[in-house]
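For reference, the chains in residue letters:
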Amino acid sequence: GAVVSQHPSWVICKSGTSVKIECRSLDFQATTMFWYRQFPKQSLMLMATSNEGSKATYEQGVEKDKFLINHASLTLSTLTVTSAHPEDSSFYICSARSVPGQGSEQYFGPGTRLTVT
Amino acid sequence: AQSVAQPEDQVNVAEGNPLTVKCTYSVSGNPYLFWYVQYPNRGLQFLLKYITGDNLVKGSYGFEAEFNKSQTSFHLKKPSALVSDSALYFCAVRVKYSSASKIIFGSGTRLSIRP
C-alpha cells in the first residue's frame, strides 16, 4: 500500500521558537494533504487541507499565521509551528490523498510528537 | 452538521469473546465510512471502509463492520477478541465540501481485552 512518512517523529523545542514538520508521500503523488492534531486521549482534529501549489484551507479556529502549511510539490507538505508555546504540544499527524475527490484513499503518516518546553 | 459519534469511551472484553465497538453517523447523501486503529504513540492504521455494496464489510485482523442505513450505524465487530486488539479505535466519515472532501473522526473508543 501507499506509504506516508513524517519527519521528525518527535521534537522538543523551547517556547518561542519555530519548528517544521515534514510529510512525504513515498510512492505516490499526493494532490491533497491534510494535517491533524491529536491531544492526549482525544480524537484527531483536522487543522487544514492543502492542495499542491495552492494555499491551504484552514478549519475554523485554527490560526493560519501560527500553523504555516506549504505544499510545494506533489510529494511533500510541511507544517511550521511558529512561535511555539507549551499549549502547542501535541501529536501532529499528516495524511495524503492521491486523486482528488471522493473515491481515492487517504493514507496517514506515523505522526510527530511535539513537546514545547 | 455532518458528524460521526462513538458513544463509548471504553469497551472491555475478555479474550475469546466477541467484541463490538459502536459508531453512528450523520451525513447528507451516501456515507463513506471508515474504521481506523491507533496503537500508543503511533499513527492510524486503516481497518476497513464502506462505500457501497454489501452491508457487511470485512477488513484487516479479522475485523468486520456492518452498515445499517436505517439506524445510521456502522458498528465494528470481531467474533473472538485477542489481547493484541487492545488499542484506540476511531470511526470516521468522509464529508464533501465545495468540490473536495475530507475525513472527520469520531471521539475514539479505547478497547481493552483482558486475558
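Residues numbered from 1 in each chain as written. Chains lettered and ligands numbered in written order. Predicted model: local features only at pLDDT ≥ 70, side-chain atom pairs only at ≥ 80, totals over all residues. Heavy atoms only, no water.

**Student:** Teacher, can you tell me more about the overall build of chain A here?
**Tutor:** Summing up its helical and strand segments, chain A has zero helices and 11 strands in all. In chain A, the order of α-helices and β-strands from amino to carboxyl end is β-β-β-β-β-β-β-β-β-β-β. Relative to the compact-globule value of 13 Å for 117 residues, chain A shows a C-alpha radius of gyration of 13 Å, a close match. Here chain A holds 117 residues, and the buried ones make up 49% of them. (Helix = DSSP H or I, 4+ residues; strand = E, 2+ residues; numbered from the N terminus. Rg over C-alpha atoms; globule rule 2.2 N^0.38 Å. Buried < 20%, exposed > 50% of the residue type's maximum accessible area, 1.4 Å probe, protein only.)

**Student:** Just to check I follow, could you spell out the interface of chain B and chain A for this structure?
**Tutor:** Interfaces are often described in size by the accessible area the parts lose on coming together. The interface is formed by 22 residues belonging to chain B together with 23 residues belonging to chain A. Among the residues of chain B in contact with chain A, Arg94(B), Lys102(B) and Phe105(B) are the three that bury the most area, contributing 25% of the side total. Counting the contacts that link chain B with chain A gives one salt bridge. For Glu59(A), the salt bridge goes to Lys102(B), with nearest N and O atoms at 3.0 Å. At the boundary of chain B with chain A, the tally comes to four residue pairs in polar contact (both at pLDDT 80 or more). When contributions to the side of chain B that touches chain A are tallied by element, the ones reaching two or more residues are strand E5 (32-38), strand E6 (44-50), strand E10 (87-97) and strand E11 (100-105) of chain B. Among the elements that make up the side of chain B that touches chain A, the one with the highest residue count is E10(B) (six residues). Partitioning the side of chain B that touches chain A into residue classes produces 10 nonpolar, six polar and six charged. (Contact = heavy atoms within 4.5 Å. Buried area = accessible area lost by both parts, 1.4 Å probe. Salt bridge = Lys/Arg side-chain N within 4 Å of Asp/Glu carboxyl O. Polar contact = N/O pair within 3.5 Å; in protein donor to acceptor, adjacent residues only side chain to side chain. Nonpolar A, V, L, I, M, F, W, Y, C, P; charged D, E, K, R; others polar.)

**Student:** Whenever I open this one, the state of the cysteines confuses me. Can you help?
**Tutor:** Chemically, a disulfide is nothing more than a covalent bond linking the sulfur atoms of two cysteines. Using the criterion set out here, one finds two disulfides over all chains in the structure. Between the sulfur atoms of Cys23(A) and its disulfide mate Cys94(A) the distance is 2.0 Å. The chirality of the disulfide connecting Cys23(A) with Cys94(A) is right-handed, given an S-S dihedral of about 75°. Here Cys23(A), found in strand E3 (residues 19-25), pairs with Cys94(A), found in strand E9 (residues 90-97); they are 71 residues apart in sequence, far enough to count as distant. Accessibility expressed as a relative area gives 0% for Cys23(A), which makes it buried. Overall, the relative accessible area of 0% leaves Cys94(A) in the buried class. The disulfide partner of Cys23(B) is Cys91(B), and the S-S distance across this bridge is 1.9 Å. Because the sign of the S-S torsion sets the handedness, a value of about -60° for the bond joining Cys23(B) and Cys91(B) places this disulfide among the left-handed ones. With Cys23(B) in the loop between strand E3 (19-21) and strand E4 (24-26) and Cys91(B) in strand E10, this pair connects stretches of sequence that are 68 residues apart. The pair Cys23(B) / Cys91(B) is uniform in exposure class, with both members buried. Among the cysteines around Cys13(A), which has no disulfide bond, Cys94(A) carries the closest sulfur, lying 18 Å off. When its relative accessible area of 8% is taken as the criterion, Cys13(A) is described as buried. (Disulfide = S-S within 2.5 Å.)

**Student:** Before we go on, may I ask you to explain the sheet that holds strand E1 (residues 4-7) of chain A in this structure?
**Tutor:** Sheet strands pair by backbone hydrogen bonding; their relative direction is either parallel or antiparallel. Residues and elements named next belong to chain A. Taken in spatial order, the four strands of this open sheet run E1-E3-E8-E7, and their pairing is antiparallel. One side of each edge strand has no neighbouring strand; the edge strands of this open sheet are E1 and strand E7 (67-73). Direction aside, neighbouring strands of the sheet carry axes that sit 15° apart on average. Bridging between E3 and strand E8 (residues 76-81) involves six bridges; their strand directions are antiparallel. Bridge pairing in E8 places Val 19 opposite Val 81. (Pairing = 2+ DSSP bridges. Axes fitted to C-alpha atoms, helices over the stretch in contact; angles between N-to-C directions.)

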